[in-house]
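What the coordinates show
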Amino acid sequence: PAAVFEMTIGGRAAAATRHVDLRDPATLEVVASAPMADAVTVDAAVFAAAGAFPEWAADEAARRAGLAALGDALLAHADEIAGLLTREMGKPTAYALGEVKFSGILLKKYAGLAIAEDVIKEDDRVAIRMIRKPLGVMAAITAWNYPVALLAQKIGPGLLAGNTIVVKPSPYAPLTALRIGELARELLPPGVLNVINGGVDVGRALVEHPLPAKISFTGSTEAGRQVMASAATTLKRCTLELGGNDAAVILEDVDLARAAKAIFFAAFDNSGQTCIAVKRIYVPRRLHDEFADAFATVMRSVRMGHGIGEGVGLGPLATRFQREHVAELVEDARSRGATLVQGEMPGLPGWFHPATLVLGLDDDARLVREEQFGPAVPLLAYDHIDDAISRANASQYGLGASVWGRDEAATEAVARRLEAGTAWINTHAVLLPIVPYGGLKQSGMGFEGGPLAVDGCSAMQVVHRRK
């Protein structure tokens, strides 16, 4: 029988009015039964968090100890949680294990991170300081593509700042969050970390609830707009980490073989289901065919299959909808006369799409303009670097971008012209613990990671003393 999971509210298992089956996206077999919340559950979780807030906010030492203990628990249970991660959304085992370990380390980093207190002015007449204070109850709504890392990115700064939290994972991949909630029952005071599960209705009820002071959301740009509109009714603070259409710009002096391999993994890691994945590649026209060959060679060397398989580098798409979306964009490219270079497919019934390099598209094609969030990427030729930068910036998104070349001054100059929250040079989609990241334009607002994330989970107060 499938394993049955439970929500966590007030430090205890919480009853659910109904459960839904979750299927392994590689085999479509039922792997677990997940609880679904309702409006009553949301109320209970928020009030539990509100009740735990005063004591938690007042004890910084306890907050640091709790975060460190939860980080240690993730590392101690890394194999188990990674196994759940692979079965709920398809991530290959090695990558799932890396995500869980990264998350455990991240929580431990936050446990030791200083909470800033800024001296604005101090002389013999006046002392003015800016201090950080907890906001209260925080709602953390995570996505299905990195369910463990996104949870850690939100609860780390949120708990350190002194807030109590209600987590709502994606209903497509809730198992790891529910399991972490179970671990937290033994490590954190009751009500400090509550984990519920549900769909859009539960998310909306959480965002519209009058008590939470802060919403931290990761998801699509369209969903982010809805969260922001709902949060506006009570002027909740929002951190929104939304969609991206990251461009990689290759310069004439690039180390082509190295760049092709690195860009492949930056585009197709997690089967392309990464907000900061490379989603468009701009290459000098004279290097186009050579780069395409090098990229295809790497692509055909990486095995696609069930995430638990030996040596598998690419798993399935997490949902049928996502698989159909990628297929639709690729078919649109085919109808425009594009050339498709594809990897092999496994003989499994799940939501697989072959790794695909698309050649010969114009910039008005859907695969160039829209976020594919899957293993298909267009290769686009350019004649002048100014043209490449202009085309890379011609997007509603501005999450990440990268530039690839040997000349340090030239790559730095291009990176600074790219309209993105993070501009990488000779790498892409690398997020280190507590390094801030966030988006420009419609890729979001606020920062995840590091001291800026703690600031985003805090109320700023000026303390002005006349001597």
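The rules we used
Residues numbered from 1 in each chain as written. Predicted model: local features only at pLDDT ≥ 70, side-chain atom pairs only at ≥ 80, totals over all residues. Heavy atoms only, no water. Helix = DSSP H or I, 4+ residues; strand = E, 2+ residues; numbered from the N terminus. Rg over C-alpha atoms; globule rule 2.2 N^0.38 Å. Buried < 20%, exposed > 50% of the residue type's maximum accessible area, 1.4 Å probe, protein only. Contact = heavy atoms within 4.5 Å. Areas by Shrake-Rupley, 256 points an atom, 1.4 Å probe, with all protein chains shown as cover. Lys, Arg positive; Asp, Glu negative; His and termini not counted. Charge placed at Lys NZ, Arg CZ, Asp CG, Glu CD. Phe/Tyr/Trp six-rings, centres within 6.5 Å; stacked < 30°, edge-to-face > 60°. Lys NZ or Arg CZ within 6 Å of the ring centre and 35° of its normal. Disulfide = S-S within 2.5 Å. Core = buried A, V, L, I, M, F, W, Y, C linked by side-chain atoms within 4.5 Å. Axes fitted to C-alpha atoms, helices over the stretch in contact; angles between N-to-C directions. Parallel < 35°, antiparallel > 145°, perpendicular 65-115°, else oblique. Left-handed = near helix turned anticlockwise from the far one by under 90°. Nonpolar A, V, L, I, M, F, W, Y, C, P; charged D, E, K, R; others polar. Pairing = 2+ DSSP bridges. Right-handed = clockwise from strand over helix to strand, strands pointing away.

Turning next to the overall build of the chain. Looking only at helices and strands, the chain features 15 helices and 25 strands. The C-alpha atoms of the chain give a radius of gyration of 23 Å, which matches the 23 Å a tight globule of 467 residues would have. Along the first, second and third principal axes, the C-alpha set of the chain runs to 70 × 65 × 40 Å. When burial is assessed residue by residue, the chain has 57% of its 467 residues classed as buried. Looking at the chain alone, contacts between residues at least 24 apart form 74% of all its contacts between residues at least 6 apart. Total accessible area computed for the chain in this model is approximately 18,800 Å², and 53% of it derives from carbon and sulfur atoms. Averaging the coordinates of the 46 positive side-chain charges in the chain and doing the same for the 53 negative ones gives two points 5 Å apart.

This part covers the packing of aromatic side chains. A complete count under the given rule lists six aromatic pairs for this structure. Ring centres 5.0 Å apart and planes at 85° place the aromatic pair Phe264 and Phe265 in the edge-to-face group. The exposure class assigned to Phe264 is buried, which follows from its relative accessible area of 1%. Using a relative accessible area of 32% as the deciding quantity, one classes Phe265 as partly exposed. Ring plane angle 80° and centroid distance 5.9 Å describe the contact between Phe268 and Phe295, whose orientation is recorded as edge-to-face. Of the two residues, Phe268 sits in helix H9 (residues 256-268) while Phe295 sits in helix H10 (residues 288-299), which places them 27 residues apart along the sequence. Judged by its relative accessible area of 0%, Phe295 is buried. Among the aromatic residues, those joined into a cluster by ring pairs are Phe264, Phe265, Phe268, Phe291 and Phe295. If you follow Lys91 out to its NZ or CZ, it ends over the ring of Tyr146, 3.8 Å from the centre.

The subject of this paragraph is the state of the cysteines. Disulfides are covalent bonds that connect the sulfur atoms of two cysteines. Enumeration over the complete set of coordinates arrives at zero disulfides. Cys275 takes part in no disulfide bond, and the closest cysteine sulfur to it belongs to Cys457, at a distance of 17 Å. Cys457 forms no disulfide, and the closest cysteine sulfur to it belongs to Cys238, at a distance of 12 Å. Classification of Cys457 by relative accessible area gives buried; the value is 5%.

With that settled, the discussion passes to the nonpolar core. The biggest cluster of nonpolar side chains holds 76 residues, and the ones touching the most others in it are Leu70, Ile155, Ile196 and Ile215. Here the element with the most residues in this core is helix H1 (residues 39-58); it accounts for seven residues. When neighbours within four sequence positions are excluded, Ile215 is seen to be in contact with Ala139, Ile141, Val207, Val227, Ala231, Lys236, Arg237, Cys238 and Thr239. Membership of the second largest hydrophobic core comes to 34 residues, among which are Phe264, Ile281, Leu287 and Phe352.

At a closest axis distance of 9 Å, the pairing of H9 and H10 adopts a crossing angle of 55°. By the angle between their directions, the pair H9 and H10 is classed as oblique. Of the two elements, H9 crosses H10, and the hand of that crossing is right-handed. Contacts between H9 and H10 involve Leu256, Ala259, Ala260, Lys261, Ile263, Phe264, Phe265 and Phe268 on the former and, on the latter, Glu290, Phe291, Ala294, Phe295, Val298 and Met299. Across the contact of H9 with H10, the residue classes tally to 12 nonpolar, no polar and two charged.

The two faces of strand S22 (residues 422-425) differ: Thr422 and Trp424 on one face are buried, but Ala423 and Ile425 on the other face are not. Where strand S21 (residues 400-404) and S22 come together, four bridges link them in parallel fashion. Across the sheet, residue Ser402 finds its bridge partner in S22, namely Trp424. Each parallel crossover has a hand, and the one from S21 via helix H14 (residues 408-417) to S22 is right-handed.

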